[in-house]
Amino acid sequence: GAVVSQHPSWVICKSGTSVKIECRSLDFQATTMFWYRQFPKQSLMLMATSNEGSKATYEQGVEKDKFLINHASLTLSTLTVTSAHPEDSSFYICSARQDPGYTEAFFGQGTRLTVV
Amino acid sequence: AQSVTQPDIHITVSEGASLELRCNYSYGATPYLFWYVQSPGQGLQLLLKYFSGDTLVQGIKGFEAEFKRSQSSFNLRKPSVHWSDAAEYFCAVGSNQAGTALIFGKGTTLSVSS
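Since we're looking at a predicted model, the values are computed, not measured.

J.: Now, about the environment of B:V4: what can you tell me, with residues and values included?
T.: Residue and element names in this part refer to chain B. On the secondary structure map, V4 appears in strand β1 (residues 3-5). For the pair V4 and C23, spaced 19 residues apart in sequence, the C-alpha to C-alpha distance is 7.0 Å. Leave out the neighbours within four places in its chain, and V4 touches C23, N24, Y25, C91, A92, V93, I103, F104 and G105.

This is the structure in structure tokens:
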């Protein structure tokens, strides 16, 4: 199956700093990328949907100024957590789909963010 | 509203026993249904999916699932559980509409006792 690479796998940052997470589709063009957040022992909650070259669409309750999403190309989307605080600590997972010809959504390995 | 319900938060099964994890969905369009497994601290692994056709689908690791439209269900089954199956299982629903995201259930934690 297609591969989505997410980097870094884990990151620790100081409170008040920003951290960028990359999501790359390695062998297909991702017309749409999605960012999910997962709290410990909970489900994946959709944060935002991004299409290449367009502004991301954020789910209700997600702060667009805190979670900056850029989808500059058909193979790369980035999530930047700005002015991170301990409550932003979580597991972030990206997903990508290709349309037309959708067969499944492909997921990255996830990024464990810890803000200290 | 679109949603996925996994009624069982935690299930414990003896090794070698059969397993069934329940999933019910509410979705406006023709659903595409998925089951994923997640080990602690890891990403998601696709077990199986249903788009159309035969309502009994086979997946990896000996798992199967049956789509029942009348019951809006997509239950996951395995005839004989192995200790390595202990993990978190998520049911998800999506569609073939371009750009739509998957909606996940809250997950079921499977423990396997010896």
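The discussion continues.
J.: Residues and numbers for the layout of surface pockets, please.
T.: To locate leftover empty space, one rolls a probe as large as a water molecule over the atoms. Reported here for the largest pocket is a volume of approximately 550 Å³. Lining the largest pocket we find 28 residues, and of these A:L44, A:M45, A:L46, B:I103 and B:F104 sit closest to its centre. Counting residues per element, the ones that place at least two in the lining of the largest pocket are β4 (32-38) and β5 (44-51) of chain A together with β1 and β11 (103-104) of chain B. At four residues, the largest contribution of residues to the lining of the largest pocket is made by β5(A). For the lining of the largest pocket, a count of residues per class yields 13 nonpolar, 12 polar and three charged. Around the second largest pocket, the lining comprises 16 residues; the ones closest to its centre are A:K41, B:Q38, B:P40, B:G41 and B:E88. Across the lining of the second largest pocket, the residue classes break down as seven nonpolar, six polar and three charged.

Cut-offs applied
- Residues numbered from 1 in each chain as written.
- Chains lettered and ligands numbered in written order.
- Predicted model: local features only at pLDDT ≥ 70, side-chain atom pairs only at ≥ 80, totals over all residues.
- Heavy atoms only, no water.
- Helix = DSSP H or I, 4+ residues; strand = E, 2+ residues; numbered from the N terminus.
- Contact = heavy atoms within 4.5 Å.
- 1 Å grid on protein atoms, 1.4 Å probe; cavity = no way out; pocket = protein on both sides within 12 Å on 5 of 7 lines; lining within 4 Å.
- Points joined across faces, edges and corners; volume = space filled by probe spheres on them.
- Nonpolar A, V, L, I, M, F, W, Y, C, P; charged D, E, K, R; others polar.

Everything listed here is a matter of coordinates, which is why it stays silent on function.
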